[in-house]
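Given next are the chains, with one letter for each unit.
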Amino acid sequence: MRKALRRRIALACACLVAAPISSFAQASSNTMEVRPLAAFLDKAATESFQRDFANAVALAFPVPFSIGEPTETFEPARFEKAAIFLAQARGTPQPASPPSNASPNPPAPSLGDLGFPAAQTQGNAQEQARLDRRTHMLKIHQRLGLITAVPMLATVLSGGFAGGRSTSSSSRDLHAALGSVTTGLYFTTAYYSIFAPRVPGTHARGPIRLHKTLAWIHGPGMILTPILGAMAFDQKSRGEKVHGIASAHGAVAVVTAGAFGLAIASVSFKF
Amino acid sequence: MNAKLLSLLLLLPPLGHAADAQWVLQQSTLSYHVSHPLHQTEGVSHAAKGKGVCHNGQCDFLIAVPIKSFDSGDSNRDLHMLQATRGAQFPLVVVRTRVPEAAFKSPTIHADLEIEFAGQTAQYKQVPFQLTIQGNQAHLSGTIPATLADFKIDPPSLLGMAVKNDIPVRVDMKWQAQ
């Protein structure tokens, strides 16, 4: 009875001890070698411990111990094999590099340790595609806006020669043609801004707010100006003096061009 | 004797995995600077999170910050930045470094940084940081000499002029020892 109890204790100790011991098992030049904590154990203690351990393992695991020749005395090779077997049975990968006397490092911190919500750490290809499309459209908006500014300025300047008594029809035609080009470019520019994908949850902040606010001035202005211009053109072509609401064409055009220029400046320069 | 040995061996595994010290990022201000012929822009974030684990005289630090959290004061510019840096696909900037614990005694730390950003990883060697330790708190500040090219980011342009390649990132952090 006592013998059986001692065997059980020996078995339990063997299993517990096998955990740290097994991590010292390594492959080296086709032979398996165990470094039995020799750094801090004296030789006698080591041998004594190994003998006891081997005996305990032999009692607990008779089959694996038949790997070597069955002998009654302790052999280091059998001790090594037992340790390796226990390591494999536990599913513990054997270290590829020689173990050092230093204890293993705790794991380096991982992203999971930082506590970010999953939504903040996972990439979203769809969202990226939306941003790419938005940027692409706004780049076109930016280019076309700058291009539009050229005929717009030319239209305003040519307007000075299109009105009054001493104007020829050719200067009016030129002014009308420039105005038409400006209008076409302007609405194409606006299209790329209006239909650029919106990013949910974002609110306009900074200079872009002024840029967008100014659109409420030059947008209606760019609808009104050509209409008033056409009316003025007709009146002038009939030999009449420009009158009525058409007489506001010049003022509306100047305000529209001014708002448009300011809109460009608002996102181009830092105020 | 054998009993003592067994006791010692049984104690070894838990001791082997114990960290000597841990650091947690308490407060941070990270700001990138972008230069354009017509603009000087700063984007600031206070949303970084970080952790440091020290063992055997070496400390492993991990700091991460969502790209979305950088605020330049212009929502349009921030969205462009997010697009240019592929921030929806790679939402975090992750910085890893290993610093010897002994370096904490010096007022200046030279750290080798590994930065993951925009789907690319770049290494910055010996980046100097100023360090002040008061009790359990450490205040760290410095500038990471990042560039757009390091992360294969096409320089955004305005009015046909591209921004400069250099985007230095100013770091100001308060760490708390646990």
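Residues numbered from 1 in each chain as written. Chains lettered and ligands numbered in written order. Predicted model: local features only at pLDDT ≥ 70, side-chain atom pairs only at ≥ 80, totals over all residues.

Colleague: What exactly am I supposed to notice about the pairing of strand β11 (residues 169-177) of chain B here?
Modeller: Residue and element names in this part refer to chain B. With nine bridges joining them, strand β1 (residues 21-36) and β11 adopt antiparallel strand pairing. Within β11, the position partnered with Ser31 by the bridge is Arg170. Bridging between strand β8 (residues 137-144) and β11 involves eight bridges; their strand directions are antiparallel. Its bridge partner lying in β11, Ala138 is registered against Trp175. (Pairing = 2+ DSSP bridges. Helix = DSSP H or I, 4+ residues; strand = E, 2+ residues; numbered from the N terminus.)

Colleague: Whenever I open this one, the confidence of the model for chain B confuses me. Can you help?
Modeller: One rule of thumb: low pLDDT means the predicted coordinates there are not for detailed reading. Within chain B, residue pLDDT values average 89, and 89% of them lie at 70 or more. Scored below 50 in pLDDT, residues 8-17 of chain B shows eleven contacts in the model against residues more than four places distant or in partner chains. (pLDDT = per-residue confidence, 0-100. Contact = placed C-beta atoms within 7 Å.)

Colleague: What's the story with unusual backbone geometry in this structure? I'm lost.
Modeller: A negative phi holds for most residues other than glycine; trans holds for most peptide bonds. All names here are of chain B. The backbone of Gln126 shows a phi angle near 50°, a positive value even though the residue is not glycine. As for its placement among the helices and strands, Gln126 is situated in strand β7 (residues 120-134). On the neighbour-count criterion, Gln126 (9 C-beta atoms within 10 Å) is exposed. Although it is not a glycine, Leu159 sits at a positive phi angle of roughly 55°. By the secondary structure assignment, Leu159 is in the loop between β9 (157-158) and β10 (161-162). (Buried ≥ 20, exposed ≤ 12 C-beta atoms within 10 Å, placed from the backbone.)

Colleague: Please explain the nonpolar core as it appears in this structure.
Modeller: If you look at soluble globular proteins, the nonpolar side chains tend to sit buried side by side. Residue and element names in this part refer to chain B. Ranked by internal contacts, the top residues of the largest apolar core, which has 37 residues, are Ala48, Ile63, Ala64, Val65, Val93, Ile167 and Val169. Element by element, the count of residues in this core is highest for strand β4 (residues 58-66), at six residues. Apart from residues lying up to four places away in sequence, Val169 is in contact with Leu30, Tyr32, Thr143, Ile144 and Ala146. (Core = buried A, V, L, I, M, F, W, Y, C linked by C-beta atoms within 7 Å.)

Colleague: Help me understand the pairing of strand β3 (residues 49-55) of chain B in this model?
Modeller: Look at any regular strand and the pattern is simple: side chains alternate between the two faces of the sheet. Residues and elements named next belong to chain B. Across the seven residues that make up β3, a large majority, six, are buried. Taken together, the four bridges between β1 and β3 define a ladder with antiparallel strand orientation. Across the sheet, Ala21 pairs through a bridge with Cys54, a residue of β3. With seven bridges connecting them, β3 and β4 associate as antiparallel partners. When the bridges of β4 are listed, His55 appears paired with Gln58.

Colleague: Looking at this model, I keep getting lost on the packing of helix α8 (residues 207-237) of chain A against helix α9 (residues 249-268) of chain A. Mind explaining?
Modeller: For any two helices packed against each other, the geometry is given by the interaxial angle and the distance between the axes. Residues and elements named next belong to chain A. Closest axis-to-axis distance for the α8/α9 pair is 8 Å, and the angle between their directions is 155°. It follows that α8 is roughly antiparallel to α9 by the angle criterion. In the crossing of α8 with α9, the sense of the turn from one axis to the other is left-handed. Counted by class, the contact of α8 with α9 contains 18 nonpolar, eight polar and no charged residues. (Axes fitted to C-alpha atoms, helices over the stretch in contact; angles between N-to-C directions. Parallel < 35°, antiparallel > 145°, perpendicular 65-115°, else oblique. Left-handed = near helix turned anticlockwise from the far one by under 90°. Nonpolar A, V, L, I, M, F, W, Y, C, P; charged D, E, K, R; others polar.)

Colleague: Looking at this structure, how should I read the confidence of the model for chain A?
Modeller: All names here are of chain A. Per-residue confidence for chain A gives a mean pLDDT of 72, with 59% of residues at or over 70. Per-element confidence in chain A is highest for α9, whose mean pLDDT is 95, and lowest for strand β1 (residues 25-28), whose mean pLDDT is 35. Contacts from residues 12-46, a stretch scored under 50 in pLDDT, to residues over four places away or in other chains number 58 contacts. Considering only residues more than four positions removed or in separate chains, one finds that residues 54-102, a stretch of pLDDT under 50, has 64 contacts.

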